[in-house]
Amino acid sequence: MTLTAHGKLQLYGALLLLPAAVLLAAFAYLPTIMTVINSLFLPGFRGEPAEFVGVENYQVLFDDPTFWKVARNNLLYALGTIPTSIALALGMALFVNGKLPGRGFVRMAYFTPTILPMIAAANIWMFFYAPQIGLFNSLLEALGFSGVNWLGNPSVALGSVIVMSVWKEAGFFMIFYLAALQSIPPELKEAADLEGTGRWSFFWRVTFPLLMPTTLFVLINALINAVRVVDHLFILTKGGPNNATNLLLYYVYENAFSFFDRTTAATITVVILLVLAVVATLKFTILDRRTHYQ
Amino acid sequence: MSCKCNTFNTSWINNNQQPVMSVMDQSRIRLERVTKRWDASPAVDGISFDVTPGQFVILLGPSGCGKSTTLRMIAGLEEASDGRIHIGDRDVTRLPPGDRGLSMVFQSYALFPHLSVADNIVFGLRSRKVPKAEQRERLAKVAELVDLTDHLNRKPAQLSGGQRQRVALARSVISEHPICLMDEPLSNLDARLRSDMRREIKALQSRLNMTVIYVTHDQVEAMSMGDRVILMQHGQIVQDGTPDELYNRPASAFAASFIGSPAMNLLPLVAGEHGAVIDSESDMPVAPLEAANGQLGIRPEDIELRPASASGVPAKVLSDEYLGADTIAHLVVGRHTLRIRLRGRHAITGQHCRIGWPASAAHLFGADGLRRDDLTAYSLMPTAPPESELPIGSSQAELRHFPLQSQR
């Protein structure tokens, strides 16, 4: 059989795609499908075949108060980290985009937390939060206040984890905002200045709308990170005390590797994936309409 | 109309009657020894000029001559290192741009890409908290004026270059400031559109009686639009005059070479036996001996081409470029080349010839490049009858046409 020129080109293209396709299939699509299947079965004991139970695993999960507590934690964590880190990132980007002495140094300083591995960052914050010798409590004591058990008190612990995450993420998002700010032509500011437009007014009428594509991108990333990044929990709290800082992915990990309940882990994973897909779709459809792409 | 400014503003936007005197005074611009230094060397070096209301003034010069910096200092986008800037009776040297009562059109148009044409135009009115109803009224009028009424809901990205340019113009017109600054507003347009926009801007300016300061490096724009041209070089004013003065009496060799297309021919002069002669062409004295070491300037259209047997400076035609209405021929004289413009078509490449020019068309520049009005170049016309004896109706152009043998 001889290939036509067109056929050859098609084959060539397919071959170029093959390595990526194989990798994605092996490490993304196949595990996803396996997870969905797992979530529909109960494992058989002592070599018996797994039993198909349909959505029963989901019913059990939704009846589990711990799951709801963890889900609620994760929602609070997302609400606590996403708007704060984005606002902070934007503020820092605006600041270091202006004329100020030592601008390069400040930019680098803001970006440093991003370079640190999450585990290392968590270790640093472990020292900040330590009940007796910690930085915060030492400072409070010097000012005459009694210390707080930042990570041990169930009503404070989640807040402490959120603060650390914001510190870690804001610098990363700042880089995107900084890049976007630098692509805004300076003449726009000059044209607005000539009309006597105030800084605040210019920000809301020009800068912020022009940053919308970046904001959308950062928003999606922040959302995914809120569910995806749990490294710091291993160091800081291990989900405790009494699940006060447990987040969904960490709960998946616990189920899979501490309790060896792979089915529940698979079920939660599928729920997470669905929720993320719905939220991302909503964001793109609602915000995309108001977003100006250049 | 609640405030005074409204009354006369509307009057100057609608109409052709002369605006009230106080408006006229408000648009007088005066620069006194204005300097801008970034590092050691000044970008603008102590320049002074005075723009009267209603004037269309061109700041002309090559890139890096300081013309844009001058404009930006008038606008307040750049702070003057030294000197004073007055607008009307106010010293605005340290005022922020928004308080100077002027508008500006940028080279890049500086349109807000996320806003519709209408929102772009009324952007400044919103900043200045003009009531909504008045905004709409003024928008409708201005959109009509620049012919954008059908495009008000589009985004800038959906417009052509010429339309974007008009949005930028509309934005500065709607502000009703009597002064408009323009920074190379046409340089992003193609040649045909540029000539249309030249006329539109000029018409708009005279219709609204705006005071315009217009920066360009294009001498065609300067000649065709300006009431007055300020030519700059190295941060200083080389010449300040009407387009006619710049063309016919260039103040320096630089001014001579910058204006006109093709530019004026400049030939170095050296001392000869009977006066100054063209360097490396030592036969024919062309100017008094005092002119030696300076330069002789003659516009391409002022040079007359004659047969090799006639009198004049010997030359050889290197090439000819036929442009339709006329032909630009490149000639070699001694070691120098010069360009001449001939009416009609002439295929004369390679021929030997002689050239000449009337004394009135020859400009002399000293060794320092400045114009020398104390000397008059010699006429190289073949015993031309005095002007008064010319038969009525015969133009100089006709007299000048000794055709060479064209190899057509």
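All values derive from a computational prediction rather than experimental measurement.

Below, the discussion takes up the overall build of chain B. Along the backbone of chain B there are twelve helices and 20 strands. The buried share among the 408 residues of chain B stands at 52%. A sequence separation of at least 24 residues applies to 66% of the contacts in chain B between residues at least 6 apart.

To continue, consider the sheet that holds strand 8 (residues 211-216) of chain B. Residues and elements named next belong to chain B. Taken in spatial order, the six strands of this open sheet run 6-7-8-3-9-10, and their pairing is mixed. Each edge of the open sheet is held by one strand with a lone partner, namely strand 6 (102-105) and strand 10 (236-241). In this sheet, neighbouring strand axes are inclined to one another by 20° on average, regardless of whether the strands run parallel or antiparallel. Bridge count for strand 3 (residues 56-60) against strand 8 is five bridges, and the pairing is parallel. Paired with Leu59 across the bridge in strand 8 is Val215. Those strands touched by helix 7 (residues 161-174) are strand 6 and strand 7 (179-183), and its axis lies near 175° from that of strand 6.

The next subject is the interface of chain B and chain A. Taken together, the 22 residues of chain B in the interface contact 17 residues of chain A. Summed over both sides, the interface of chain B with chain A buries roughly 1800 Å², with 64% coming from carbon and sulfur. When the buried area of chain B at its contact with chain A is split by residue, Pro113(B), His114(B) and Phe123(B) rank highest and sum to 31% of it. With a closest N to O distance of 2.7 Å, Glu190(A) and Arg72(B) form a salt bridge. The tally of links between chain B and chain A comes to nine residue pairs in polar contact (both at pLDDT 80 or more). A breakdown of the residues in the side of chain B that touches chain A according to their chemical character gives eleven nonpolar, seven polar and four charged.

What follows deals with the packing of aromatic side chains. For the structure on display, the rule yields 24 aromatic pairs over all chains. Considering the side-chain rings of Phe127(A) and Phe128(A), the 6.0 Å spacing of their centres and the 55° angle between planes classify their relative orientation as tilted. Owing to a relative accessible area of 43%, Phe127(A) belongs among the partly exposed residues under this scheme. On the basis of relative accessible area, Phe128(A) is assigned to the buried category, the value being 18%. Taken together, the ring pairs in this structure connect Trp125(A), Phe127(A), Phe128(A), Tyr129(A), Phe136(A) and Trp167(A) into an aromatic cluster. Positioned over the ring face of Phe202(A) is Lys189(A), at 4.9 Å from the centre of the ring. One residue, Arg205(A), lies across the ring of Phe123(B), its end atom 3.9 Å from the ring centre.

Here chain B averages 83 in pLDDT, and 87% of its residues register 70 or above. Contacts from residues 385-403 of chain B, a stretch scored under 50 in pLDDT, to residues over four places away or in other chains number 13 contacts.

Bringing the packing of helix 5 (residues 118-129) of chain A against helix 7 (residues 154-182) of chain A into the picture now. Between two packed helices, both the angle of their axes relative to each other and the distance between the axes serve to describe the pair. Residue and element names in this part refer to chain A. Two elements in contact, helix 5 and helix 7, have axes whose closest approach is 11 Å; the angle formed by their N-to-C orientations is 130°. Judged by the inter-axis angle, helix 5 sits oblique to helix 7. Note on packing geometry: the crossing formed by helix 5 with helix 7 is right-handed. Residue-level contacts link Met118, Ala121, Ala122, Trp125 and Tyr129 of helix 5 to Ser160, Val163, Met164, Trp167 and Lys168 of helix 7. Taken together, the residues of the contact of helix 5 with helix 7 break down into eight nonpolar, one polar and one charged.

On to helix 3 (residues 65-97) of chain A. Within an α-helix, residues lying three or four positions from one another point in the same direction, as the helix has 3.6 residues per turn. Across its 33 residues, helix 3 of chain A extends 47 Å between first and last C-alpha, which sits within 8% of the 48 Å expected from 1.5 Å per residue. Regarding helix 3 of chain A, its N-cap is Asp64(A), as a side-chain oxygen of that residue lies 3.0 Å from the backbone nitrogen of Thr66(A) further along.

Moving on, we come to the layout of surface pockets. It is a probe the size of a water molecule, rolled over the atoms, that shows where empty space is left. All names here are of chain A. Looking at the largest pocket, its volume works out to about 1000 Å³. The wall of the largest pocket is formed by 25 residues, among which Asn97, Gly98, Lys189, Arg199 and Phe202 lie closest to the centre. Here the residues of the lining of the largest pocket sort into eleven nonpolar, five polar and nine charged.

Okay, the side chain of Asp326(B) next. Residue and element names in this part refer to chain B. Relative to the assigned elements, Asp326 resides in strand 17 (residues 326-333). Accessibility expressed as a relative area gives 14% for Asp326, which makes it buried. Of note is the side chain of Asp326, whose polar atom sits 2.9 Å from the side chain of Arg341. Aside from chain neighbours lying at most four places away, what touches Asp326 is Glu321, Arg341, Leu342, Arg343 and Gly344.

One face of the sheet, then the other: side chains in a regular strand alternate in exactly this way. Residue and element names in this part refer to chain B. Strand 3 sits mainly inside the fold: five of its five residues count as buried. Summarising the sheet, strand 3 and strand 9 (residues 228-233) pair through four bridges and their orientation is parallel. By the bridge assignment, Leu59 is partnered in strand 9 with Ile230.

Attention now goes to the UniProt feature "transmembrane region" (unreviewed entry) in chain A. Residue and element names in this part refer to chain A. Following the UniProt record, one finds the feature "transmembrane region" (unreviewed entry) at residues 12-37, 75-96, 108-130, 156-181, 202-224 and 265-286. The span residues 156-181 shows a helical share of 100% and a strand share of 0%, and its end C-alpha atoms are spaced 36 Å apart. From the first C-alpha to the last, residues 265-286 spans 32 Å; its make-up is 100% helix and 0% strand.

Residues and elements named next belong to chain B. Counting buried positions along strand 8 gives six out of six residues, so the element sits mostly inside the fold. Across five bridges, strand 7 lies against strand 8 in parallel orientation. Across the sheet, the residue bridging to Leu181 is Ile213, located in strand 8. Each parallel crossover has a hand, and the one from strand 7 via helix 8 (residues 191-208) to strand 8 is right-handed.

Calculation criteria
- Residues numbered from 1 in each chain as written.
- Chains lettered and ligands numbered in written order.
- Predicted model: local features only at pLDDT ≥ 70, side-chain atom pairs only at ≥ 80, totals over all residues.
- Heavy atoms only, no water.
- Helix = DSSP H or I, 4+ residues; strand = E, 2+ residues; numbered from the N terminus.
- Buried < 20%, exposed > 50% of the residue type's maximum accessible area, 1.4 Å probe, protein only.
- Contact = heavy atoms within 4.5 Å.
- Pairing = 2+ DSSP bridges.
- Axes fitted to C-alpha atoms, helices over the stretch in contact; angles between N-to-C directions.
- Buried area = accessible area lost by both parts, 1.4 Å probe.
- Salt bridge = Lys/Arg side-chain N within 4 Å of Asp/Glu carboxyl O.
- Polar contact = N/O pair within 3.5 Å; in protein donor to acceptor, adjacent residues only side chain to side chain.
- Nonpolar A, V, L, I, M, F, W, Y, C, P; charged D, E, K, R; others polar.
- Phe/Tyr/Trp six-rings, centres within 6.5 Å; stacked < 30°, edge-to-face > 60°.
- Lys NZ or Arg CZ within 6 Å of the ring centre and 35° of its normal.
- pLDDT = per-residue confidence, 0-100.
- Parallel < 35°, antiparallel > 145°, perpendicular 65-115°, else oblique.
- Left-handed = near helix turned anticlockwise from the far one by under 90°.
- Expected span 1.5 Å × (residues − 1).
- 1 Å grid on protein atoms, 1.4 Å probe; cavity = no way out; pocket = protein on both sides within 12 Å on 5 of 7 lines; lining within 4 Å.
- Points joined across faces, edges and corners; volume = space filled by probe spheres on them.
- UniProt positions renumbered as here; feature names shortened; annotations may be inferred.
- Right-handed = clockwise from strand over helix to strand, strands pointing away.

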